[in-house]
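Each chain, written out:
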Amino acid sequence: MKFGRRAFLQFAAGAVGGTLLSPMPWRLADDTAIWSQNWSWRPSPERGPITTVPTVCTLCQGGCGIQARLVNGNRAIYLEGNPVHPINAGGICPLGAAALQYLYAPYRIEQPMKQTRARGEAAGFQPISWSEALDDLVKRLARLKSEGTPGGVACITGSRWNSMDDLWARFFSAYGSAGLFKMPSHSDSLRATAKLALGKDSSLAFALEHASYVLSFGAALVEGWGAPARMQAAFMRWQKNGAGKGAAKLVQVESRCSMSAAKADQWVPVVPGTEGLLALGIAHVMVKENLYDADFVSRGVLGFEDWTDMQGKVRSGFKKIALSPAYAPDQVAARTGVDAAKIQGLAREFASTANAVAVWGGGQQNVPGNIYHEMSFFALNVLRGNLKSGGLVSLVPDVPFQPADDQTAASAEGGAPQIKLGSVPGTRVPLPGNGIYGFLDILTRGMIPPLEVLFVHDANPAYSLPENKIFKAALDKVGYVVSMSPYMDETAMTADLILPNHAAFEGFEDVVGLPGVPYAYYAVSRPILKPRKDTKHSGDVVLQLSKALGGNVAAALPWASYEEYLKNRVNALAASKRGAVADKKDIDLSKLQSSVSVSPNFKDGTDLWKKLTGGFCWYDVPVDVRSAVDTDSGKIELAFRAIQGKGLNVEDDQVYLPHFKPLPPSGDEKEYPLLLLSYGMLSLSCENLANPPFMTKTLWDFVLKKNDLFVEVNPATAGPLGMIEGSKAVLKTPQGEVAVRVHLSQAARPGAIYMPQGLGHTAYDEFIQGKGVNSNSVVEVQVDPITGMGTVWATRAQLRRA
Amino acid sequence: MDKALIPEGVKRCPLPAFALWVLVLLGVIGWGVYAGIMVLLKALNLTGLNDYFGFGLYITVDLAIIALGAGAFFSGFLYYGLSRFFPALKELHKIINLAVIVGFVCYTGALAVLLLEIGQPIRGWFGYWHANVHSMLTEVIFCITCYAIVLVIEYVPIVLENRKLSEIKPLRLFGHNLHELMAIFALTGTFLSFFHQGSLGGVAGVLFARPFAYRTGFFIWPWTFFLFIFSAIASGPGFTALICRGIEKVTGKNLVDRSVYELIAKIVGGLLLFYITLKIADTLYWALVLAPEAGLKLTDFYWGPYGIWLLVTEIIICGVIPAILLLTPKTRQSNIIMFSMFFLNCVGVCINRFAMTVQAIAAPVMPFDKWEIYVPTVYEWAPCIAMVAYCILIISLSYRYLPLFPRERELNPAP
Amino acid sequence: MSGNGHSQSGVRFGMAIDLDRCTGCMACSVACQAENNVSFRADESDKLRSITWLEVYHLQNGKEYPDYQFTYLPRPCMHCDSPHHSPCTFVCPVNATTRDEVSGIVNHIYPRCIGCRYCIVACPYHARDFNWWDPKWPKSMESMLSPEVSTRMRGVVEKCTFCHHRLLKARSKAYLDGIDPNEATYAPACAEACPTKAITFGNLLDPESAVAKLSKDPRAFRILAKLNTEPKVYYLSKHQWVHKLGDNSF
């Protein structure tokens, strides 16, 4: 065959051209590319009309107004702040921004569950119907009541600042049990302080928007203290005035450089636990140099000068205590690590700067404080004259659900009947407080009969109660544990019966008052979607149980549903003809004054309910703290007169007054030479809600790496222990031993170890479980001998290389 | 047994021994192919790449192998293009087939690894359809694919010279015709290669937000465009020579006259001297002018394992010293020195490619950013090592069955 | 084609982030993830593979206790305004990422991206993330995916878009309301979510806008301003050490 050049070229060109001109290669390439753009395993969210539903967030006690974006009205895709709402003005915290991850959590409980095997066995949970579950529970409750042992029923709830709190109180009161307890909170201390000093069962409030100088004793102001979004907005105000000059100077007293300390204009590092001593040192200088508001103190305060007790004995006043040499600057300097000149400088600055206020208390995982130290911080405000009408310190106002003369009015946080600990032999607690630790203690020790039924609602004590083994030990003395959690959390895992509550935004809730906020506040959170699972609002459960129990219980809780109950409360609020609804943008609630009343802008209960469920909040003026004082003397009391007659040694005058009385942690200092402190972050949820995946992603890799938690240690402490950045270590406290890794940081005070709160879950799912260590399993609770509350300040610890 | 396939007049090792050799190579290739398939199925998380190291071992090895394979186009250019003006270059005829095969395996191997490198290989052709005229990588995609086609075309006639295949008349004539057109293909190849080698340099040089890599230049091309071309042509022929020497050592034969090596040494030495001079000037300009203009210093570019030793090694040990020793007749006479210098030269090019990709992106730009260290995983090593095994396999098969070396019979007389 | 900036409108969206106001709450980062269907994995501690459109950096002053201080620095995409091209749009071989010259926003087309990661290499701010895995959500959480932002697939790059989908919505609304779409303003998810209003967003070319004024504030700086990328995100801080650490001019 002849195969000349031409033939060759023809052949080659033909081959190439022919293939290229056929659609085959092009089609193939294009189709495969399109296939790579449309894989079936890549979710394609359903489209549809997008609507916005306003409501109020109830994930924490901050009361932010939010909006939910829905597609086709039946799936929620985004939560954002409501720009009209006066608290957060369109902003939102990370928990709110991630909140849909709870609504759509894979670890949600679908329906009531019963434990059919041993307690704690995950595989033993079997689904049952609501009627079966409730029937069984009613039988138990009815039997106990008829046998005359209603005290065998108790409840631990995380609900504060809302009407569930009130509903539980009514139920337990009618049922006849004093066993209603709340998860600990710093507001317990603030209430105790207010009760002692002002005679009011309310929490303290601080008008921070008007402060020009904020002296913070360890308060994590920008990390979850009080009402978080309100604090962020206040912080924004303090930063105003551009050109680097803030409108307020923030001084943060704290052993660690927290975010609040880093953001402060001045960080005063102290030895952990000596914040109260520093406050007393400042008081010393203020009294000695006559820098306090003598006029206010002489006219309105009892216990500053010497005072006479109920038996006629003359006792030292706070003035004598403050002036004692123990609180002189050089003495205080030695123990706090703050030098004498700085103490004097702080005192003078605090005293001379207009609108100066002292604040205190924990951060996100807020816990009660040592009452004597709380009173010391409070005393600084008294000396400064901050408790005047319109002053920087007042009380959180009650929301007027009843007319003023109704004695059964429940206060903002809901007072709950407590087990009278003092009546139990072997216990001695002079003052009432949230006695959850005392209760768990006497239960475990068998000093009261075992519980028949324990409800756990809106709380996860098996995880988030500091020294959580106390709760776990107490469960041995509980016959039937009923968890009302929507999620399979650590406590639900120990339950005998699970009656799942709705998840966030599936049912009606409300917000009654805001912690630390001086004006009155009420809001209703309406659901944004129908409940996705076979769950029931815990309020509806309580009402159904009441109805089934009949008698006085049914009579005391006559509402058909929790929604009806809330409507009833709103009707009462409307009937009070107080306050107004914030239905416009840019309403500045901090401008409210107790002397200038607000005209209602709602017609009646129905109208008010409509406005509230439209996402608007109700507000009213602050309390005039001077006229609210309800002590025996009619004055603000710096001396704890109420202690008298409670069985405490009252020979020592100091017992009545603010003084430095640290509660010593256990353990031998030689074996445990370091101090462990836990800390919270706004970006790490640490109470009853586990950290959602969106927020876990924001954790630094020097806080959590794979499944290892890092504790913060100063290089000067870690070096001699042979540790470098990332070293594996064993952290041991008298409570237990855990494996950690070390992060070297100059934010940490030498000699101290800092551990984040919120990790170390053992339940939920792969996004949450097994990451790090739970700080609550290694920290120690010191029970305050005066209030019986469990305080957490520091735990003795040892760190060694693994 | 396969004597019929072996070129006339030369000896090759027994088939079983060769089969074993091929089997070992296929095993390594299989290992790499498996790793590659896993990467395609499970996605790139199997590698050691991350958001700080978008480019890693795949790219470094690709760039290095393409630079070393430049011996193909450059030798082709010298032989087909310049030898009529410089007759001394006709010596290259003795090694040109090997040079073409080295080029062929380097580029086809690089393309295979490139398939794994991009996250959506099925859409790789978008570079043609949605081309960005400003992007160096568009230029790379165009030129690499075109040049690979050219290399295939250059390789085919060599394959058709196989004894058995050349017995088939149509094939023999086809191959013969291709051979006649070889000059055109070679010069096309030179043109394409010039551009894509340069554009690979451009890939680094246009990163105006990465002061380590960014170079000003002329017109649209940063200096790195030209530096890459020069470093490639300065090392490519040396790489071919090293491979040739390697085959000689393994087979115990002389395949080319020493004069070929001498010629290559002189070419490489001269080009290397020229290149390293430009490179030193470029480094000084970069350190003293470009870096400060961006707000950084030379010391900001070196840290930990990415230390200044890389710069010293690349320029002095693998640049200046080989250039001098290859150009000095006395040292050039020693085989050990000559081939060691070829080797160092190649290492220098590899270091340069590594520095301009991995080190360039390891160096933090934001002042509060940190250095990170890149550690490739077995899913990156395996395909790259397999690619080398593939190269060795094709060269082995070509050597065994194709008349690569026109001087082989004369240099190895039968006893 | 490549959106090469030869024609510019009077709109250039930019951001000013006040680091003194930032309290490190991470609401911005979370809101961004929720708004843009950003995927997450069980282990997000490998920060070099974590997808964070708005990444937050930890800056500290290098001093010892108790002179130590730190701040967080949220970093979205800078939407670099360098003449004609951003460093990333210049290098994309397939024009999957281009700068929209009507708004100044740098976009990314996921179905066109071939995953070569050249743009990741080009970006000095590490604003771009790669999908090293196929994004996968727990089944129940697929219900919270927004249909307004497309989900991505493995092997493609993604980054902050200044919530470009919100701009398109605002422009459509403006058009329907009979207003010039170029006058449309909007807020991206991060700016909207921030509880201290630390993030300000708007048109840098409008001298009356808050963001334009803040960009000229004496506290303002840009990260390594000498780099010639012309980032459109400004930072404000009253601390010299933050300026030094952010904008290393010497």
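Residues numbered from 1 in each chain as written. Chains lettered and ligands numbered in written order. Predicted model: local features only at pLDDT ≥ 70, side-chain atom pairs only at ≥ 80, totals over all residues. Heavy atoms only, no water.

**Student:** When you look at the overall build of chain A in this model, what are you seeing that I'm missing?
**Tutor:** Helix and strand counts for chain A stand at 26 helices and 33 strands. Summarising its shape, the C-alpha atoms of chain A cover approximately 135 × 65 × 55 Å along the three principal directions. Counting contacts in chain A only where the partners sit at least 6 residues apart, residues at least 24 apart contribute 72% of the total. Surface exposure of chain A reaches about 28800 Å², of which carbon and sulfur atoms provide 53%. Distance between charge centroids for chain A: 5 Å, based on 79 positive and 74 negative side chains. (Helix = DSSP H or I, 4+ residues; strand = E, 2+ residues; numbered from the N terminus. Contact = heavy atoms within 4.5 Å. Areas by Shrake-Rupley, 256 points an atom, 1.4 Å probe, with all protein chains shown as cover. Lys, Arg positive; Asp, Glu negative; His and termini not counted. Charge placed at Lys NZ, Arg CZ, Asp CG, Glu CD.)

**Student:** Which parts of the structure should I look at to understand the sheet that holds strand β22 (residues 580–581) of chain A?
**Tutor:** The strands making up a sheet are joined through hydrogen bonds of the backbone, oriented either antiparallel or parallel. Residue and element names in this part refer to chain A. With antiparallel pairing, 4 strands are arranged side by side in an open sheet as β20-β21-β23-β22. The two strands at the open ends of the sheet, each matched to only one other strand, are β20 (509–512) and β22. Together, β20, β21 (520–525) and β23 (618–620) form the strand contacts of helix α22 (residues 562–575), whose direction differs from that of β20 by roughly 35 degrees. (Pairing = 2+ DSSP bridges. Axes fitted to C-alpha atoms, helices over the stretch in contact; angles between N-to-C directions.)

**Student:** It is not clear to me how the interface of chain A and chain C should be interpreted in this structure. Could you clarify?
**Tutor:** How big an interface is tends to be stated in terms of the accessible area lost upon association of its parts. The partner chain C presents 67 residues to the 75 residues of chain A that form the contact. A buried area of about 6100 Å², summed over both sides, lies between chain A and chain C, and 61% of it is on carbon and sulfur atoms. Ranking the residues of chain A by area buried against chain C places F694, K697 and W700 of chain A at the top, with a combined share of 13%. Taken together, the connections running from chain A to chain C amount to 3 salt bridges. Taking the shortest distance from any N to any O, the salt bridge between R69 of chain A and E35 of chain C comes out at 2.8 Å. The class makeup of the residues in the side of chain A that touches chain C is 43 nonpolar, 16 polar and 16 charged. (Buried area = accessible area lost by both parts, 1.4 Å probe. Salt bridge = Lys/Arg side-chain N within 4 Å of Asp/Glu carboxyl O. Nonpolar A, V, L, I, M, F, W, Y, C, P; charged D, E, K, R; others polar.)

**Student:** What should I look at first to understand the pairing of strand β28 (residues 728–733) of chain A in this one?
**Tutor:** Each regular strand shows side chains that alternate between the opposite faces of the sheet. All names here are of chain A. With 6 bridges connecting them, β28 and strand β29 (residues 736–744) associate as antiparallel partners. From the neighbouring strand, L731 faces β29, where its bridge partner is V738. Between β28 and the antiparallel strand that follows it, β29, lie 2 residues. Note: β28 against strand β33 (residues 795–801), 4 bridges, orientation antiparallel. Across the sheet, V730 pairs through a bridge with R800, a residue of β33.

**Student:** Would you take a moment to explain helix α10 (residues 223–251) of chain B for this structure?
**Tutor:** Owing to its 3.6 residues per turn, the α-helix brings residues three or four apart onto one side. Residues and elements named next belong to chain B. Taking 1.5 Å per residue as the helical rise, α10 with its 29 residues ought to reach 42 Å, and the 42 Å between its terminal C-alpha atoms agrees with that figure. At S235, α10 shows its strongest bend, of approximately 25 degrees, with the proline P237 following within four residues. Within α10, 22 of the 29 residues are buried, leaving the element largely enclosed by the surrounding structure. Trailing α10 by a residue or two, G252 shows a phi angle of about 70 degrees, which is positive. (Expected span 1.5 Å × (residues − 1). Bend = angle between axes of the 7 residues up to and from the residue. Buried < 20%, exposed > 50% of the residue type's maximum accessible area, 1.4 Å probe, protein only.)

**Student:** What exactly am I supposed to notice about the packing of aromatic side chains here?
**Tutor:** Centre-to-centre distance and the angle between the planes together describe a pair of aromatic rings. If you walk through the whole model with that rule in mind, you get 69 aromatic pairs over all chains. Each ring, one from W168 of chain A and one from F171 of chain A, has its centre 6.5 Å from the other, and the planes form 80 degrees; the classification is edge-to-face. Linking W168 of chain A with F171 of chain A, this pair stays in helix α6 (residues 163–175), spanning 3 residues, or about one helical turn. Taking relative accessible area as the criterion, W168 of chain A reaches 1% and is therefore assigned buried. In this structure F171 of chain A comes out as buried when scored by relative accessible area, which is 1%. For the pair Y79 of chain B and Y80 of chain B, a centre-to-centre distance of 5.0 Å together with 70 degrees between the ring planes defines the contact as edge-to-face. The ring of Y399 of chain B has R12 of chain B lying over it, and the distance from NZ or CZ to the ring centre is 3.8 Å. (Phe/Tyr/Trp six-rings, centres within 6.5 Å; stacked < 30°, edge-to-face > 60°. Lys NZ or Arg CZ within 6 Å of the ring centre and 35° of its normal.)

**Student:** Please clarify how the confidence of the model for chain B should be interpreted in this entry.
**Tutor:** As a general rule, the predicted coordinates of low-pLDDT regions are not to be interpreted in detail. Mean pLDDT over chain B stands at 92; residues scoring 70 or higher make up 100%. Model confidence for the complex: the whole-complex pTM is 0.94, and ipTM, which rates the interface, is 0.95. (pLDDT = per-residue confidence, 0-100.)

**Student:** What am I meant to see in the interface of chain B and chain A here?
**Tutor:** If you look at the interface, chain B gives 12 residues, while chain A gives 11 residues. For the pair chain B and chain A, the two sides together bury roughly 1100 Å², of which 67% comes from carbon and sulfur. Considering only the side of chain B, the residues that lose the most area to chain A are I122, W125 and N177 of chain B, jointly responsible for 40% of the buried surface there. Summed over the shared surface of chain B and chain A, the number is 2 residue pairs in polar contact (both at pLDDT 80 or more). By residue number, the principal contributor to the side of chain B that touches chain A is helix α8 (residues 169–180) of chain B, which donates 6 residues. Residues of the side of chain B that touches chain A, tallied by class, amount to 8 nonpolar, 2 polar and 2 charged. (Polar contact = N/O pair within 3.5 Å; in protein donor to acceptor, adjacent residues only side chain to side chain.)

**Student:** Please explain the pattern of salt bridges as it appears in this structure.
**Tutor:** Where charged atoms from two side chains of opposite charge come close, those side chains can pair. Applying the stated criterion to the full structure yields 69 salt bridges over all chains. Here D293 of chain A and K388 of chain A are joined by a salt bridge, their closest N and O atoms 2.7 Å apart. Pair noted here: D293 of chain A is in the loop between α10 (275–288) and α11 (294–300) and K388 of chain A is in the loop between α15 (371–384) and β16 (393–395), with a separation of 95 residues, a long-range link. Measuring nitrogen to oxygen at the nearest pair gives 3.0 Å for the salt bridge that ties R215 of chain B to D282 of chain B. One end of the pair, R215 of chain B, is in the loop between α9 (182–205) and β1 (217–218); the other, D282 of chain B, is in helix α11 (residues 258–293), with 67 residues separating them in the sequence.

**Student:** Would you mind showing me how to read the confidence of the model for chain A here?
**Tutor:** Mean pLDDT over chain A stands at 91; residues scoring 70 or higher make up 94%. Residue range residues 404–419 of chain A is modelled with pLDDT below 50. Its contacts to residues more than four positions away, or to other chains, number 35 contacts.

**Student:** In this structure, what is going on with the side chain of T193 of chain A? I would like to understand it.
**Tutor:** All names here are of chain A. For T193, the location among the structural elements is in helix α7 (residues 186–198). Within the local environment of T193, its side chain forms a polar contact with the backbone oxygen of S189, the two atoms lying 2.8 Å apart. Among residues more than four places away in sequence, those in contact with T193 are L198, L204, I371, E374, M375 and F378.

**Student:** Mind showing me how you'd approach the packing of α10 of chain A against helix α14 (residues 340–352) of chain A here?
**Tutor:** In helix packing, the relevant descriptors are the interaxial angle and the interaxial distance, both defined with respect to the helix axes. Residue and element names in this part refer to chain A. Direction vectors running N to C along α10 and α14 enclose 70 degrees, while the axes themselves pass 9 Å from each other. With respect to their mutual orientation, α10 and α14 come out roughly perpendicular. In terms of crossing hand, the pair formed by α10 and α14 is right-handed. Note on element contacts: α14 touches α10 through I343, Q344, L346, A347, F350 and A351, opposite L278, G281, I282, V285 and M286. Looking at the contact of α10 with α14 residue by residue, the classes come out as 9 nonpolar, 2 polar and no charged. (Parallel < 35°, antiparallel > 145°, perpendicular 65-115°, else oblique. Left-handed = near helix turned anticlockwise from the far one by under 90°.)

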